[in-house]
Amino acid sequence: MPVTDTTVSAQMDRWICSFSFLLFCAASLLMLGNANLLQELDPQEYFSSLQAGRASLAYFSHNVPPSAQPFLEQIENSVEALQDYGISVVKVNCPKEDVSRYCGKENALRKAYLFRGNILIREFPTDALFDVNSIVANVLFALLFNEVKYVETLADLQNIENSLKGRSNMVFAYVPATGTAEHRAVMEAAFVYGTAHQFVLTTEATLMKDTGNGEPDVSSAQLFFCHCQQAMDLAQPCRRTPMEQALTMLNIHRHLKLMGAPLVTEVAEDPEKVSTVHLQLGLPLVFILSQKETYEADRRTAEFVAWQLLGKAGVALLSRDVVDLNVLLQSNVALKTPDEGVPIKYLVLEDTDEVITLVKDKSKFEQIQEDEDEEDEDEKENDNQDIQDDQVVEAVSRDRKRELPLEQILTLTEETFHSAMLEAARMVVLFYASSREAFVEAGNILSGHVTLGMYFEDDSLALSHKYAVSPPALLLARSRDQSVEGIPLSKQSAQDIVQLIRYELLDVFPEITVQNLPHYLQLRKPLLIMFSDGDIGQMESKEMLKLAKGRPQQAFVTCWLNLKNTPVGYGVLKAYFATVPSLPVLVWVNLHTGGQVFKFPPDQSVTEMNILSWLEKLKAGLEIPISTLSEEDWKPPLPAYNFLQMMETTVPEFTLHTSYSRRDTQEQQQPESSEEKATVREEQLEESRVEAEKGQTPGRDLRGTAPRLAGREKRHSEL
């Protein structure tokens, strides 16, 4: 086609229009980019632009020196990040003649100022704001000062934990230094989640070592989610779930989403259609197959597994009513992976340790799957061999996998067992037991204070004979003594076991101090207390110890108070007697009922028989109290004076035998010989050490939750 001037002119017009459009777009993008650049205002413009409640970061300068140029570049780079949190960034150009607070002093020009409205919140040296991470981290840290608590000691951390127990959860973060990318990530997470959880920050490496989390790597940042909302008792520690990924904002968000998900999800639909937050975040979902007959036991098993896998996998309780019958006969656990198109795997596992290993070790999962396939092949071969002439054998072989109508099977208890035996001439009874579970839960509560272990089967029987106690029972070996004490368990719930252990660990004849008094008051028993100005005499201590030991389940606490060690006792005596009496003095006081105070007759010697005789007179109402305490609560005048509450966090959870425990336990039950005693003690210490090194608690037997939860070696489905 011939090219004419008109054609060239048209092409030029189109080219010019296209170039103009591109130039316009480039200019528009440049203008949009400049909109996020550092604002520059004079002092009057800046202070008049401040809005109430709105935060702004300002840098005042006459002429920017070359040394401040890198700082300004980083401030400019942080404008967009800070704007996401509603914080404006301004460079204030000071006139030469301005001698005001922010423009007049040379050292003031080396600082950046954070305002909320027209109120100055914080001054930052410019060398502390060395990059975008340090700027965002330090600015948010200053603005969230009341929301993010900074702690330096273990006592500070425990104080915050105690204040949150039963109310809210805590996010505890350690960063080696402030102003880092990890510090910024924690502050950004606190800005988003600060109303849902209490955030706590530390840079103290010593504190991380004191928290008891093994040997932490203090060179890297760490984050823990502390489940304080579920700790209803001040003595119960908050469970901590560490975040195992790198400390970034995205990983923190992921971790908090997982911690906020239900511990156990109950499922009554096709498991293939189930979707939970764990699957959405790329984690597997473990199903514990359940049935209504064993629901409570299955629920406890699922919760135990869920705590072990928290942050690594989800756990669901799957009703067997919605699962295919062929699956029911062979499986008690199912695993669903987040991969699309991968079917759910149904497995037969023996205990919860295998479930946990299944999630943590993929190669173990493949091995278990191979074992299941081989076992199925063996059973198919055996099916053909089992069909013999014997009709009974044939029937057993044919029906051994048939599902039993468990709703028609009577669940026997200690109360109904004997009466049920009388109702039928013949009865088949399946005995099964789950491990010991309440004891494991008690062990979790007492973790860090008491070392617990479990004996089973032959070991349990041998020890029960040796220490003359019938199972279930506790064997208590105190750390300072060589004796082992057998204690029967009349109640077997976790709280009952915890309460019993705490009681047994209290001193037989304790010296009362400010620190341990709350533990003895929690028993809500009267106190038979001897006040002395120094150590008690040998004769008095011997008689008081006999009295304390004479009644294992006595209704009062026998104790003493050394005024030299605990001077606050003088104030107590003045409250009882108006003036301090001659010492030593033996007093009976019941703080929980009536508040009456009685004084042991000073003309009588302190012997077990005299004290018991005097107590009988008190019981019969033949003695007159020396005073009666007010029924009003003994509260501090102001919350700041509540020293007992402050001390509670530093006091050990239990008061161990400290005063007369050695003399006491020499007279308690001991092994048959010194050689045998040493052997038992060494075995216990070695077992405790091995258990501690493994960092494990005894696994839970999945076969114990229901007769149909079969193991590989022993199957109960043939019943």
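Placed above this text is the structure.
Everything numeric here is computed off the predicted structure, so don't read it as measured data. (Residues numbered from 1 in each chain as written. Predicted model: local features only at pLDDT ≥ 70, side-chain atom pairs only at ≥ 80, totals over all residues. Heavy atoms only, no water.)

## Re the pattern of salt bridges
Argument step 1. With the rule as written, the count across this model stands at 10 salt bridges.
Argument step 2. With a shortest N-O distance of 3.2 Å, Lys312 and Glu244 are connected by a salt bridge. Taken as a pair, Lys312 in the loop between helix H11 (295–308) and strand E13 (314–319) and Glu244 in the loop between strand E10 (239–242) and helix H9 (249–260) lie far apart in primary sequence, 68 residues in all.
Argument step 3. Among the salt bridges present, the one from Glu608 reaches Lys546, with a minimum N-O distance of 3.9 Å. Taken together, the positions of Glu608 in helix H23 (residues 608–620) and Lys546 in helix H21 (residues 538–550) put the pair 62 residues apart, joining distant regions of the chain.
Argument step 4. A cluster of three or more residues bridged by salt bridges with shared partners is formed by Arg101, Lys111 and Glu123. (Salt bridge = Lys/Arg side-chain N within 4 Å of Asp/Glu carboxyl O. Helix = DSSP H or I, 4+ residues; strand = E, 2+ residues; numbered from the N terminus.)

## A few points about the packing of helix H17 (residues 438–445) against helix H19 (residues 494–505)
Argument step 1. The interhelical angle for the contact between H17 and H19, taken along N-to-C directions, is 55°, at an axis separation of 8 Å. Here H17 is positioned oblique relative to H19, judged by the angle of their axes. The crossing of H17 and H19 is right-handed. Of H19, the residues touching H17 (which contributes Ala438, Phe439, Glu441, Ala442 and Ile445) are Ala494, Gln495, Ile497, Val498 and Arg502.
Argument step 2. Classifying every residue of the contact of H17 with H19 gives seven nonpolar, one polar and two charged. (Axes fitted to C-alpha atoms, helices over the stretch in contact; angles between N-to-C directions. Parallel < 35°, antiparallel > 145°, perpendicular 65-115°, else oblique. Left-handed = near helix turned anticlockwise from the far one by under 90°. Contact = heavy atoms within 4.5 Å. Nonpolar A, V, L, I, M, F, W, Y, C, P; charged D, E, K, R; others polar.)

## Topic: helix H3 (residues 69–77)
Argument step 1. Turning to H3, its buried residues number three or more, namely Phe71, Leu72 and Ile75. The buried residues of H3 occupy one face: seen down the axis, they fall within an arc of 100°.
Argument step 2. Close packing links the buried residues of H3 with strand E2 (55–61), helix H4 (79–83), strand E3 (87–93), strand E4 (111–116) and helix H5 (132–143). (Buried < 20%, exposed > 50% of the residue type's maximum accessible area, 1.4 Å probe, protein only. Arc of directions from axis to C-beta.)

## Digging into the packing of aromatic side chains
To describe a pair of aromatic rings, one takes the distance between the centres and the angle between the planes.
Argument step 1. Tallied over the full model, the rule gives 16 aromatic pairs.
Argument step 2. Considering the side-chain rings of Tyr46 and Phe47, the 5.2 Å spacing of their centres and the 65° angle between planes classify their relative orientation as edge-to-face.
Argument step 3. Look at Phe47 and you get partly exposed, because its relative accessible area is 35%.
Argument step 4. Taken together, a centroid distance of 5.3 Å and an interplanar angle of 85° make the contact between Phe600 and Trp614 edge-to-face. Of this pair, Phe600 sits in the loop between strand E21 (596–599) and H23 while Trp614 is found in helix H23, placing the two residues 14 residues apart along the sequence. For the residue pair Phe600 and Trp614, the accessibility class agrees, reading buried in each case.
Argument step 5. The ring of Trp307 carries the charged tip of Arg239 above its face, separated from the ring centre by 4.2 Å. (Phe/Tyr/Trp six-rings, centres within 6.5 Å; stacked < 30°, edge-to-face > 60°. Lys NZ or Arg CZ within 6 Å of the ring centre and 35° of its normal.)

## Some thoughts on unusual backbone geometry
Argument step 1. For the bond from Leu583 to Pro584, the omega torsion is 0°, close enough to zero to count as cis.
Argument step 2. Residue position: Pro584 is located in the loop between helix H22 (568–577) and strand E20 (585–589).
Argument step 3. At Ala578, a residue that is not glycine, the phi angle is positive and equals roughly 75°.
Argument step 4. Along the chain, Ala578 turns up in the loop between H22 and E20.
Argument step 5. Ala578 sits in the exposed class, given a relative accessible area of 64%.

## Structural notes on the side chain of Thr566
Argument step 1. Structurally, the position occupied by Thr566 is in the loop between strand E19 (557–562) and H22.
Argument step 2. The class for Thr566 is buried, based on a relative accessible area of 5%.
Argument step 3. Each residue touching Thr566, except ones within four places of it in the same chain, is listed here: Ile512, Thr513, Val514 and Leu561.

## A look at the environment of Ala268
Argument step 1. Of note, Ala268 is situated in the loop between strand E11 (265–267) and helix H10 (277–280).
Argument step 2. Relative accessible area serves as the criterion here: at 63%, Ala268 is assigned to the exposed category.
Argument step 3. A sequence separation of 52 residues divides Ala268 from Arg320, and the C-alpha atoms of the two residues are 8.4 Å apart.

## Some thoughts on the state of the cysteines
Argument step 1. Following the criterion strictly, the structure yields two disulfides and no others.
Argument step 2. Between the sulfur atoms of Cys94 and its disulfide partner Cys103 the distance amounts to 1.9 Å. A torsion of -65° about the S-S bond marks the disulfide between Cys94 and Cys103 as left-handed.
Argument step 3. You can call Cys94 buried: its relative accessible area is 7%.
Argument step 4. A relative accessible area of 1% places Cys103 in the buried class.
Argument step 5. What connects to what in the chain, once the bonded cysteines are numbered by sequence position, is 1-2, 3-4.
Argument step 6. Residue Cys226 stays outside any disulfide, its sulfur separated by 5.5 Å from that of Cys228, the closest cysteine. (Disulfide = S-S within 2.5 Å.)

## A few points about the environment of Leu591
Argument step 1. With respect to the helices and strands, the residue Leu591 is situated in the loop between E20 and E21.
Argument step 2. Given a relative accessible area of 33%, Leu591 falls into the partly exposed group.

What is shown is where atoms sit, not what they do.
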